[in-house]
Amino acid sequence: MEYLEFELPIKELEDQLQKCKIIGEESEVDVTETCTNIEKKLAATQKEIYKNLTPWQRVQMSRHPDRPYVLDYIRAICGESFLELHGDRSFKDDKAMIGGLGKIGDQSFMFIGQQKGYNTKTRQYRNFGMANPEGYRKALRLMKSAEKFGIPVVTLIDTPGAFPGLEAEERGQGEAIARNILEMTRLKVPIITVIVGEGASGGALGIGVGDVVLMLENTWYSVISPESCSSILWRSWEFKEQAADALKLTATDMKKQKLVDEIIKEPLGGAHRDREKTFSAVSNAIIKNFEELKNLSPKDLVTKRMDKYSNMGVFKG
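Only a predicted model underlies this, so the values are computations on that prediction, with no experimental measurement involved.

Once that is clear, we can look at unusual backbone geometry. As a rule of thumb, non-glycine residues mostly have phi less than zero, and peptide bonds are mostly trans rather than cis. Positive phi, close to 60°, is recorded for F128, a residue that is not glycine. Exposure remark for F128: the relative accessible area of 42% places this residue in the partly exposed category. Even without glycine at this site, K248 takes up a positive phi of about 50°. Within the element layout of this structure, K248 appears in the loop between α11 (240-247) and α12 (251-256).

Dropping the structure here:
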(Lines give C-alpha, C1' and ligand atoms only; values in the text may rest on other atoms or scores of the structure.)
Protein backbone atom coordinates (compact mmCIF):
# COMPACT_ATOMS: atom_id res chain seq x y z
CA MET A 1 0.00 0.00 0.00
CA GLU A 2 1.32 3.42 -0.97
CA TYR A 3 0.63 6.40 1.27
CA LEU A 4 0.17 10.05 0.37
CA GLU A 5 1.94 12.70 2.42
CA PHE A 6 -1.10 13.56 4.55
CA GLU A 7 -1.67 9.82 5.23
CA LEU A 8 1.71 9.32 6.96
CA PRO A 9 0.24 9.48 10.52
CA ILE A 10 -2.00 6.53 9.48
CA LYS A 11 1.00 4.61 8.10
CA GLU A 12 2.86 5.15 11.38
CA LEU A 13 -0.01 3.74 13.45
CA GLU A 14 -0.52 0.79 11.07
CA ASP A 15 3.19 -0.03 11.33
CA GLN A 16 2.97 0.13 15.14
CA LEU A 17 -0.06 -2.19 15.09
CA GLN A 18 1.76 -4.64 12.83
CA LYS A 19 4.83 -4.69 15.11
CA CYS A 20 2.64 -5.12 18.18
CA LYS A 21 0.93 -8.17 16.62
CA ILE A 22 4.29 -9.69 15.64
CA ILE A 23 5.58 -9.28 19.23
CA GLY A 24 2.40 -11.01 20.49
CA GLU A 25 2.86 -13.91 18.06
CA GLU A 26 6.59 -14.38 18.66
CA SER A 27 6.62 -14.08 22.45
CA GLU A 28 4.37 -14.97 25.35
CA VAL A 29 3.68 -11.30 26.18
CA ASP A 30 -0.02 -10.36 26.20
CA VAL A 31 -0.30 -7.40 23.83
CA THR A 32 -4.09 -7.42 23.44
CA GLU A 33 -4.66 -4.17 25.35
CA THR A 34 -1.85 -2.34 23.53
CA CYS A 35 -3.16 -3.50 20.15
CA THR A 36 -6.71 -2.41 21.06
CA ASN A 37 -5.45 1.06 22.06
CA ILE A 38 -3.52 1.43 18.79
CA GLU A 39 -6.58 0.27 16.80
CA LYS A 40 -8.76 2.87 18.55
CA LYS A 41 -6.20 5.59 17.89
CA LEU A 42 -5.89 4.46 14.25
CA ALA A 43 -9.66 4.56 13.71
CA ALA A 44 -9.88 8.06 15.24
CA THR A 45 -6.92 9.32 13.15
CA GLN A 46 -8.40 7.91 9.92
CA LYS A 47 -11.76 9.52 10.66
CA GLU A 48 -10.13 12.86 11.45
CA ILE A 49 -7.91 12.93 8.34
CA TYR A 50 -10.45 11.74 5.77
CA LYS A 51 -13.28 13.86 7.18
CA ASN A 52 -11.32 17.09 6.63
CA LEU A 53 -9.68 16.58 3.24
CA THR A 54 -8.83 19.77 1.34
CA PRO A 55 -9.68 20.05 -2.39
CA TRP A 56 -6.00 19.46 -3.26
CA GLN A 57 -5.90 16.33 -1.08
CA ARG A 58 -8.97 15.01 -2.92
CA VAL A 59 -7.14 15.62 -6.22
CA GLN A 60 -4.25 13.56 -4.82
CA MET A 61 -6.68 10.82 -3.76
CA SER A 62 -8.15 10.68 -7.28
CA ARG A 63 -4.61 10.03 -8.60
CA HIS A 64 -3.64 7.49 -5.94
CA PRO A 65 -1.48 4.78 -7.59
CA ASP A 66 -3.50 2.00 -5.91
CA ARG A 67 -6.87 3.44 -6.98
CA PRO A 68 -8.92 1.19 -9.31
CA TYR A 69 -9.02 2.23 -12.98
CA VAL A 70 -11.84 2.04 -15.52
CA LEU A 71 -11.09 -1.53 -16.67
CA ASP A 72 -11.06 -2.66 -13.02
CA TYR A 73 -14.60 -1.30 -12.61
CA ILE A 74 -15.84 -2.85 -15.86
CA ARG A 75 -14.34 -6.28 -15.11
CA ALA A 76 -15.69 -6.27 -11.55
CA ILE A 77 -19.16 -5.09 -12.58
CA CYS A 78 -19.58 -7.18 -15.78
CA GLY A 79 -17.36 -10.17 -15.04
CA GLU A 80 -16.93 -12.44 -18.06
CA SER A 81 -19.71 -10.73 -20.03
CA PHE A 82 -17.58 -7.76 -21.16
CA LEU A 83 -16.72 -7.78 -24.85
CA GLU A 84 -14.29 -5.03 -25.85
CA LEU A 85 -14.80 -3.38 -29.24
CA HIS A 86 -11.99 -1.64 -31.10
CA GLY A 87 -11.27 1.08 -33.66
CA ASP A 88 -12.91 4.22 -35.02
CA ARG A 89 -13.22 2.79 -38.59
CA SER A 90 -11.24 5.76 -39.84
CA PHE A 91 -7.73 6.01 -38.39
CA LYS A 92 -6.82 3.47 -35.69
CA ASP A 93 -7.70 1.97 -32.32
CA ASP A 94 -6.98 4.40 -29.47
CA LYS A 95 -5.75 2.43 -26.44
CA ALA A 96 -6.54 5.30 -24.04
CA MET A 97 -10.27 5.04 -24.79
CA ILE A 98 -11.85 1.66 -24.19
CA GLY A 99 -15.37 0.51 -24.88
CA GLY A 100 -17.54 -2.51 -25.34
CA LEU A 101 -20.67 -4.40 -24.37
CA GLY A 102 -21.19 -5.79 -20.88
CA LYS A 103 -23.98 -6.96 -18.63
CA ILE A 104 -25.05 -6.07 -15.12
CA GLY A 105 -27.37 -8.90 -14.19
CA ASP A 106 -29.54 -9.43 -17.29
CA GLN A 107 -29.28 -5.86 -18.57
CA SER A 108 -26.79 -5.05 -21.36
CA PHE A 109 -24.90 -1.75 -21.37
CA MET A 110 -22.38 -0.13 -23.68
CA PHE A 111 -19.43 0.79 -21.46
CA ILE A 112 -17.03 3.53 -22.57
CA GLY A 113 -14.18 5.04 -20.55
CA GLN A 114 -10.59 6.27 -20.40
CA GLN A 115 -8.03 3.77 -19.18
CA LYS A 116 -4.77 4.80 -17.50
CA GLY A 117 -1.88 2.39 -16.99
CA TYR A 118 -0.67 0.56 -13.88
CA ASN A 119 3.08 0.93 -14.48
CA THR A 120 5.47 2.73 -16.86
CA LYS A 121 4.94 0.26 -19.71
CA THR A 122 1.14 0.21 -19.57
CA ARG A 123 0.96 3.98 -19.00
CA GLN A 124 2.83 4.53 -22.25
CA TYR A 125 0.62 1.96 -23.99
CA ARG A 126 -2.53 3.74 -22.72
CA ASN A 127 -1.02 7.22 -23.29
CA PHE A 128 -1.68 8.01 -19.58
CA GLY A 129 -5.45 7.96 -20.21
CA MET A 130 -5.24 10.88 -22.67
CA ALA A 131 -7.29 10.06 -25.75
CA ASN A 132 -6.57 11.22 -29.30
CA PRO A 133 -9.37 12.25 -31.73
CA GLU A 134 -9.73 8.62 -32.88
CA GLY A 135 -10.54 7.71 -29.25
CA TYR A 136 -13.48 10.12 -29.19
CA ARG A 137 -14.56 8.94 -32.65
CA LYS A 138 -14.43 5.34 -31.43
CA ALA A 139 -16.56 6.33 -28.42
CA LEU A 140 -19.10 7.98 -30.72
CA ARG A 141 -19.20 4.94 -33.03
CA LEU A 142 -19.98 2.72 -30.04
CA MET A 143 -22.65 5.12 -28.75
CA LYS A 144 -24.31 5.18 -32.17
CA SER A 145 -24.26 1.34 -32.26
CA ALA A 146 -25.84 1.28 -28.78
CA GLU A 147 -28.54 3.70 -29.97
CA LYS A 148 -29.27 1.52 -33.02
CA PHE A 149 -29.93 -1.52 -30.82
CA GLY A 150 -31.58 0.33 -27.91
CA ILE A 151 -28.75 -0.37 -25.46
CA PRO A 152 -28.13 2.17 -22.63
CA VAL A 153 -24.69 3.81 -22.43
CA VAL A 154 -22.45 4.02 -19.34
CA THR A 155 -19.41 6.30 -19.54
CA LEU A 156 -16.64 6.11 -16.93
CA ILE A 157 -14.41 9.19 -16.76
CA ASP A 158 -10.80 9.14 -15.57
CA THR A 159 -8.49 11.38 -17.60
CA PRO A 160 -5.97 14.19 -17.06
CA GLY A 161 -7.35 15.63 -20.32
CA ALA A 162 -7.47 14.93 -24.05
CA PHE A 163 -4.03 14.46 -25.63
CA PRO A 164 -2.68 17.94 -26.53
CA GLY A 165 -0.02 16.83 -29.05
CA LEU A 166 0.48 18.29 -32.52
CA GLU A 167 -0.72 15.10 -34.26
CA ALA A 168 -3.95 15.14 -32.21
CA GLU A 169 -4.64 18.72 -33.28
CA GLU A 170 -3.85 17.85 -36.90
CA ARG A 171 -6.48 15.08 -36.79
CA GLY A 172 -9.12 17.40 -35.30
CA GLN A 173 -9.11 16.96 -31.53
CA GLY A 174 -11.42 19.94 -30.92
CA GLU A 175 -13.88 18.86 -33.61
CA ALA A 176 -14.00 15.26 -32.29
CA ILE A 177 -14.83 16.41 -28.75
CA ALA A 178 -17.38 19.00 -29.95
CA ARG A 179 -19.02 16.39 -32.21
CA ASN A 180 -19.35 13.98 -29.26
CA ILE A 181 -20.95 16.65 -27.06
CA LEU A 182 -23.46 17.46 -29.81
CA GLU A 183 -24.30 13.84 -30.57
CA MET A 184 -24.55 12.85 -26.90
CA THR A 185 -27.11 15.57 -26.18
CA ARG A 186 -29.46 13.99 -28.75
CA LEU A 187 -28.67 10.28 -28.31
CA LYS A 188 -31.97 8.38 -27.99
CA VAL A 189 -30.89 5.94 -25.27
CA PRO A 190 -30.18 6.57 -21.56
CA ILE A 191 -26.64 7.79 -20.77
CA ILE A 192 -25.23 7.35 -17.25
CA THR A 193 -21.89 9.05 -16.62
CA VAL A 194 -19.66 8.17 -13.65
CA ILE A 195 -16.52 10.12 -12.74
CA VAL A 196 -14.27 7.51 -11.13
CA GLY A 197 -10.98 9.47 -11.04
CA GLU A 198 -9.86 12.68 -12.70
CA GLY A 199 -12.34 14.62 -14.79
CA ALA A 200 -10.26 17.20 -16.60
CA SER A 201 -11.34 19.66 -19.25
CA GLY A 202 -12.68 18.70 -22.71
CA GLY A 203 -11.07 15.29 -22.33
CA ALA A 204 -13.75 14.45 -19.77
CA LEU A 205 -16.56 16.34 -21.53
CA GLY A 206 -16.01 14.33 -24.73
CA ILE A 207 -17.77 11.39 -23.03
CA GLY A 208 -19.34 13.36 -20.15
CA VAL A 209 -22.81 14.39 -21.34
CA GLY A 210 -25.30 12.23 -19.46
CA ASP A 211 -28.90 12.05 -18.30
CA VAL A 212 -27.38 11.41 -14.90
CA VAL A 213 -23.83 12.38 -13.90
CA LEU A 214 -22.45 10.61 -10.82
CA MET A 215 -19.21 11.40 -9.01
CA LEU A 216 -17.24 9.23 -6.62
CA GLU A 217 -16.48 11.04 -3.37
CA ASN A 218 -12.71 11.50 -3.89
CA THR A 219 -12.72 12.62 -7.52
CA TRP A 220 -12.60 15.98 -9.24
CA TYR A 221 -14.22 17.57 -12.28
CA SER A 222 -12.99 20.85 -13.71
CA VAL A 223 -12.16 22.85 -16.81
CA ILE A 224 -8.46 22.72 -15.90
CA SER A 225 -6.16 20.87 -13.50
CA PRO A 226 -4.94 22.76 -10.39
CA GLU A 227 -1.31 22.60 -11.64
CA SER A 228 -2.15 24.09 -15.04
CA CYS A 229 -4.34 26.76 -13.45
CA SER A 230 -1.51 27.64 -11.07
CA SER A 231 1.03 27.85 -13.91
CA ILE A 232 -1.25 30.21 -15.89
CA LEU A 233 -2.18 32.52 -13.02
CA TRP A 234 1.05 32.46 -11.00
CA ARG A 235 3.59 31.24 -13.59
CA SER A 236 4.43 28.40 -11.21
CA TRP A 237 3.04 25.07 -9.94
CA GLU A 238 3.70 26.19 -6.36
CA PHE A 239 0.15 27.53 -5.94
CA LYS A 240 -1.70 24.36 -6.98
CA GLU A 241 -3.39 24.06 -3.58
CA GLN A 242 -4.83 27.58 -3.83
CA ALA A 243 -5.89 26.86 -7.40
CA ALA A 244 -7.68 23.66 -6.28
CA ASP A 245 -9.58 25.69 -3.66
CA ALA A 246 -10.57 28.37 -6.17
CA LEU A 247 -11.65 25.95 -8.91
CA LYS A 248 -14.42 24.38 -6.77
CA LEU A 249 -13.67 21.01 -8.33
CA THR A 250 -14.67 18.53 -5.60
CA ALA A 251 -17.77 16.32 -5.74
CA THR A 252 -19.44 18.42 -3.01
CA ASP A 253 -18.82 21.66 -4.93
CA MET A 254 -20.07 20.12 -8.18
CA LYS A 255 -23.26 18.87 -6.50
CA LYS A 256 -23.83 22.28 -4.92
CA GLN A 257 -23.54 23.96 -8.34
CA LYS A 258 -25.97 21.33 -9.77
CA LEU A 259 -23.35 20.23 -12.32
CA VAL A 260 -23.52 16.61 -11.12
CA ASP A 261 -26.55 14.75 -9.83
CA GLU A 262 -25.24 12.38 -7.16
CA ILE A 263 -22.16 11.62 -5.08
CA ILE A 264 -21.24 7.95 -4.61
CA LYS A 265 -19.72 7.43 -1.18
CA GLU A 266 -16.32 5.76 -1.01
CA PRO A 267 -15.00 3.50 1.77
CA LEU A 268 -13.04 5.29 4.51
CA GLY A 269 -9.59 6.03 3.08
CA GLY A 270 -10.67 6.00 -0.57
CA ALA A 271 -11.79 3.56 -3.27
CA HIS A 272 -8.52 1.59 -3.13
CA ARG A 273 -8.98 0.71 0.55
CA ASP A 274 -11.98 -1.51 -0.19
CA ARG A 275 -12.27 -2.14 -3.92
CA GLU A 276 -15.16 -4.61 -3.71
CA LYS A 277 -17.29 -2.15 -1.74
CA THR A 278 -16.53 0.60 -4.29
CA PHE A 279 -17.36 -1.63 -7.28
CA SER A 280 -20.60 -2.65 -5.63
CA ALA A 281 -21.56 1.00 -4.89
CA VAL A 282 -20.91 2.02 -8.52
CA SER A 283 -22.84 -0.97 -9.90
CA ASN A 284 -25.82 -0.26 -7.62
CA ALA A 285 -25.83 3.43 -8.58
CA ILE A 286 -25.84 2.56 -12.31
CA ILE A 287 -28.75 0.11 -11.92
CA LYS A 288 -30.74 2.47 -9.67
CA ASN A 289 -30.48 5.35 -12.15
CA PHE A 290 -31.15 3.13 -15.15
CA GLU A 291 -34.39 1.93 -13.51
CA GLU A 292 -35.50 5.58 -13.32
CA LEU A 293 -34.58 6.31 -16.96
CA LYS A 294 -35.60 3.14 -18.79
CA ASN A 295 -39.32 3.94 -19.05
CA LEU A 296 -38.82 7.38 -20.61
CA SER A 297 -39.52 7.64 -24.34
CA PRO A 298 -36.56 8.66 -26.55
CA LYS A 299 -38.19 12.07 -27.10
CA ASP A 300 -38.65 12.71 -23.35
CA LEU A 301 -35.12 11.47 -22.67
CA VAL A 302 -33.56 13.94 -25.14
CA THR A 303 -35.80 16.84 -24.05
CA LYS A 304 -34.96 16.26 -20.38
CA ARG A 305 -31.22 16.02 -21.15
CA MET A 306 -31.29 19.20 -23.25
CA ASP A 307 -33.16 21.08 -20.49
CA LYS A 308 -30.71 19.85 -17.87
CA TYR A 309 -27.69 21.24 -19.74
CA SER A 310 -29.48 24.44 -20.84
CA ASN A 311 -30.19 25.29 -17.19
CA MET A 312 -26.56 24.92 -16.10
CA GLY A 313 -24.81 28.15 -15.19
CA VAL A 314 -28.06 30.13 -14.96
CA PHE A 315 -27.96 32.47 -11.97
CA LYS A 316 -30.70 34.79 -10.80
CA GLY A 317 -29.57 38.08 -9.24
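After that view, the rundown keeps rolling.
Moving on to the packing of aromatic side chains. Taken as a whole and judged by the stated rule, the model has five aromatic pairs. Ring centres of W234 and F239 lie 5.1 Å apart, and the angle between their planes is 25°; on these two criteria the pair is classed as stacked. By relative accessible area, W234 is classed as partly exposed at 34%. These aromatic residues form a ring-pair network of at least three members: F109, F111 and F290.

Spacing of three or four residues puts side chains on the same side of an α-helix, whose turn is 3.6 residues. Along its 19 residues, helix α13 (residues 275-293) runs 27 Å from first to last C-alpha, staying within 8% of the 27 Å computed at 1.5 Å per residue. Of all the residues in α13, the buried ones are T278, F279, V282, S283, A285, I286, N289, F290 and L293. One face of α13 carries all of its buried residues, which in axial projection span an arc of 160°. Turned more than 90 degrees away from the buried face of α13 sit E276, K277 and E292, all of them exposed.

A few words now on the side chain of Q173. Structurally, Q173 can be placed in helix α8 (residues 173-185). In this structure the side chain of Q173 is engaged in a polar contact, spanning 3.0 Å, whose partner is the backbone oxygen of F163.

In this section: the pattern of salt bridges. Taken as a whole and judged by the stated rule, the model has 22 salt bridges. K116 is paired through a salt bridge with D158; the nearest N and O atoms lie 3.1 Å apart. Of this pair, K116 sits in the loop between β3 (107-114) and α5 (120-125) while D158 sits in strand β4 (residues 153-159), placing them 42 residues apart in sequence. In terms of burial, K116 and D158 fall into one category: buried. Across the pair E183 and K144 runs a salt bridge, and its minimum N-O distance is 3.2 Å.

Turning our attention to the pairing of β4. Of all seven residues that make up β4, seven are buried, and the element is covered over most of its length. As defined by bridge partners, β3 adjoins β4 across four bridges and the pair is classed as parallel. Counterpart to F111 in the pairing with β4 is V154. Of the strand pairs in this sheet, β4 and strand β5 (residues 191-200) are connected by six bridges, and their pairing is parallel. Within β5, the residue paired with V153 across the bridge is I191.

Here is what the cut-offs are and how they apply
- Residues numbered from 1 in each chain as written.
- Predicted model: local features only at pLDDT ≥ 70, side-chain atom pairs only at ≥ 80, totals over all residues.
- Heavy atoms only, no water.
- Buried < 20%, exposed > 50% of the residue type's maximum accessible area, 1.4 Å probe, protein only.
- Helix = DSSP H or I, 4+ residues; strand = E, 2+ residues; numbered from the N terminus.
- Phe/Tyr/Trp six-rings, centres within 6.5 Å; stacked < 30°, edge-to-face > 60°.
- Expected span 1.5 Å × (residues − 1).
- Arc of directions from axis to C-beta.
- Polar contact = N/O pair within 3.5 Å; in protein donor to acceptor, adjacent residues only side chain to side chain.
- Salt bridge = Lys/Arg side-chain N within 4 Å of Asp/Glu carboxyl O.
- Pairing = 2+ DSSP bridges.

Honestly, it's all geometry; don't read function into it.
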